[in-house]
Amino acid sequence: MIDTDYLRDCLLELVQTPSPVGMTGRAVALVDGWLRDLGFEPKYTRRGVLYVEIGDGAPRRALAAHLDTLGAMVTELKPNGRLALRNTGTWAARFAEGARVTVFSDHATHRGTILPLKASGHRFNTAVDTQPADWDNLEIRIDAVLPDRAALVAAGFNVGDMVAIDAQPEIVDGFIVSRHLDDKAGCATLLAVLKSIADGHTRVATPFQAMFTIAEEIGIGGTHGFGPEVEELLAIDNAVTAPNQASRDEAVTIAMRDRQGPFDERLTRQMLALCAEHDIPHVRDTFRHYRSDSAAAVEAGWDIRVGLVCFSLDSSHGWERTHMDSLVALARLLCAYAGSEIAARPQ
C-alpha cells in the first residue's frame, strides 16, 4: 500500500527546497528528518551521502535516488552590476532563460532572474530572437539597486556563489509539472516505499540500503557508500518520454541499457517478472544519452550487479513533467522488490 498523499507532499516540498549539486544540505536535512519520523536511523558517508539500512542483517541490496539537482554558479561580477554564471550539471542554456533564481552569497540570499544579454525587444528588436542560446549570453539580474561591480562587491557577492533555480511546481489532472523532478520524484517515491515498510504494509525479504546520493548530476553520485555485503544496486531515476522512446506517463520503465551498455540481466529480468506477477503497468526502454548512479558505481569499481527503474519524465533537464500513475507504478515495483529474494543466476 502506497500513501500517495505522502508521496505527493514529499515531492512538492523537496522540489521547493534548493539543492543544486554542490549545495545539497537543505534537502539532505529535510529527508533526514522524514526518515527519523518514520523510525529509521539515518547514516552518512564521509562525502555526505545519506542512507538507512532496512531489514535484518547486513544489506545485500542498495536502492539509490539522488537529491542533487541542476543549478549554476556565479563566474564573474560584471561591470554592469549583473552576474555571469555557468551551469552545474548538464543543463541547456535555453532552459535557463527567464528562470527565477536565488543566489546564495556568504551571508545572505538574493533573488534574481536569468536573462539573455539582449533581453529587451524595445532596445534590440529582432536581435532578441537571433541571439544564440549559450551560457556566455546569459546573466543574472539581481532584484536590488546594483549599478556596477563595486555595488556587487559591497553587497557581498563573490565568484563561486551558488545559484538555485525555482522549481515552480504545478499539479494538473495527475500531472506534476516542475523543474527538479529529476530526481526528487525518485526520492519522494523511495520515501513513500520506506513509509509503507514502516507502516507494516510492505515486507522486507532481503535487507537493503536506501541511499540518497548528492552528486549524480556531475557523474559521481553512486561511487561509494555500499556495505561490503551489497550484491546489487537498483538506481531510481527518470525515463525519457520523447519521440522514438517507449516510456509512457502511466507506467514504470524498466531500463534495458543506457549509454554505458546493457544492465545486469538477472536484475532486469527480475524487475520484469515482478511487474508481471503484481500486474504493474510497465514498459521496457533504452537510453542513448543517459547515465545514472548505477553507471557511477560500476565505473568506481564496485563488484555489484546494477539495474535502473524509472518514472516517466517529459522534457528532462528542462520544464519537466511526470504523472502520479507512473510514480505509483514505480513505488509498487520497489515494494515488490523489497519483498523478494535475491534472484538466481540465469541458466
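Coordinates for the structure precede this section.
Being a predicted model, the structure only gives us computed values, none of them experimental.

Engineer: How would you sum up the pattern of salt bridges? Please name residues and give values.
Structural biologist: If charged atoms from side chains of opposite charge come close, those side chains can pair. Counted according to the given criterion, the structure contains 19 salt bridges. Put simply, Arg8 and Asp5 hold a salt bridge, and the shortest N to O gap is 3.1 Å. Of this pair, Arg8 and Asp5 both sit in helix α1 (residues 4-15), separated by three residues, roughly a single helical turn. Residue Arg8 is classed as partly exposed on the basis of its relative accessible area of 29%. Between Arg321 and Asp249 there is a salt bridge, with its nearest N and O atoms 3.5 Å apart. Placement of the pair is Arg321 in strand β18 (residues 320-323) and Asp249 in the loop between β13 (232-241) and β14 (252-258), with a sequence separation of 72 residues. Given the relative accessible area of 29%, Arg321 is considered partly exposed.

Engineer: Help me get a handle on the packing of α1 against helix α9 (residues 324-338), residues and values and all.
Structural biologist: It is at 11 Å that the axes of α1 and α9 come closest, and there the two elements cross at 115°. As judged from the angle between their axes, α1 and α9 are roughly perpendicular. Where α1 crosses over α9, the handedness of that crossing is right-handed. Side by side, α1 and α9 meet where Thr4, Leu7, Arg8 and Leu11 of the first sit next to Met324, Leu327 and Val328 of the second. Residue composition of the contact of α1 with α9, by class: five nonpolar, one polar and one charged.

Engineer: Account for the packing of aromatic side chains, naming residues and giving values.
Structural biologist: Taken as a whole and assessed by the stated rule, the structure comprises three aromatic pairs. Geometrically, the ring pair formed by Trp91 and Trp135 is tilted, given 5.2 Å between the ring centres and 55° between the ring planes. Of the two residues, Trp91 sits in the loop between β5 (83-88) and β6 (100-104) while Trp135 sits in the loop between α4 (127-130) and β8 (138-142), which places them 44 residues apart along the sequence. For the pair shown, Trp91 and Trp135 are each scored as buried.

Engineer: Give me the side chain of Glu139: which residues, what numbers.
Structural biologist: Looking at where Glu139 falls in the secondary structure, it is placed in strand β8. Of the residues examined, Glu139 reaches a relative accessible area of 4% and is grouped as buried. Separated by 2.7 Å, the side chains of Glu139 and Lys78 make a polar contact. There is a polar contact of 3.3 Å between the side chain of Glu139 and the side chain of Asn80. Beyond its immediate chain neighbours, meaning those up to four positions away, Glu139 contacts Lys78, Asn80, Arg82, Leu83, Leu85, Thr113, Ile114, Leu115 and Leu117.

Engineer: Report on helix α7 (residues 265-277), specifying residues and quantitative values.
Structural biologist: Compared with the 18 Å implied by 1.5 Å per residue over 13 residues, the 18 Å span of α7 between its first and last C-alpha is a close match. For α7, the full list of buried residues reads Arg266, Leu267, Thr268, Gln270, Met271, Leu272, Leu274 and Cys275. Along its buried surface, α7 packs onto β3 (61-66), β13, β14, β16 (282-286), β17 (305-314) and α9. N-cap assignment for α7: the residue whose side-chain oxygen lies 3.2 Å from the backbone N of Arg266 is Asp264.

The rules behind the values
Residues numbered from 1 in each chain as written. Predicted model: local features only at pLDDT ≥ 70, side-chain atom pairs only at ≥ 80, totals over all residues. Heavy atoms only, no water. Salt bridge = Lys/Arg side-chain N within 4 Å of Asp/Glu carboxyl O. Helix = DSSP H or I, 4+ residues; strand = E, 2+ residues; numbered from the N terminus. Buried < 20%, exposed > 50% of the residue type's maximum accessible area, 1.4 Å probe, protein only. Axes fitted to C-alpha atoms, helices over the stretch in contact; angles between N-to-C directions. Parallel < 35°, antiparallel > 145°, perpendicular 65-115°, else oblique. Left-handed = near helix turned anticlockwise from the far one by under 90°. Contact = heavy atoms within 4.5 Å. Nonpolar A, V, L, I, M, F, W, Y, C, P; charged D, E, K, R; others polar. Phe/Tyr/Trp six-rings, centres within 6.5 Å; stacked < 30°, edge-to-face > 60°. Polar contact = N/O pair within 3.5 Å; in protein donor to acceptor, adjacent residues only side chain to side chain. Expected span 1.5 Å × (residues − 1).

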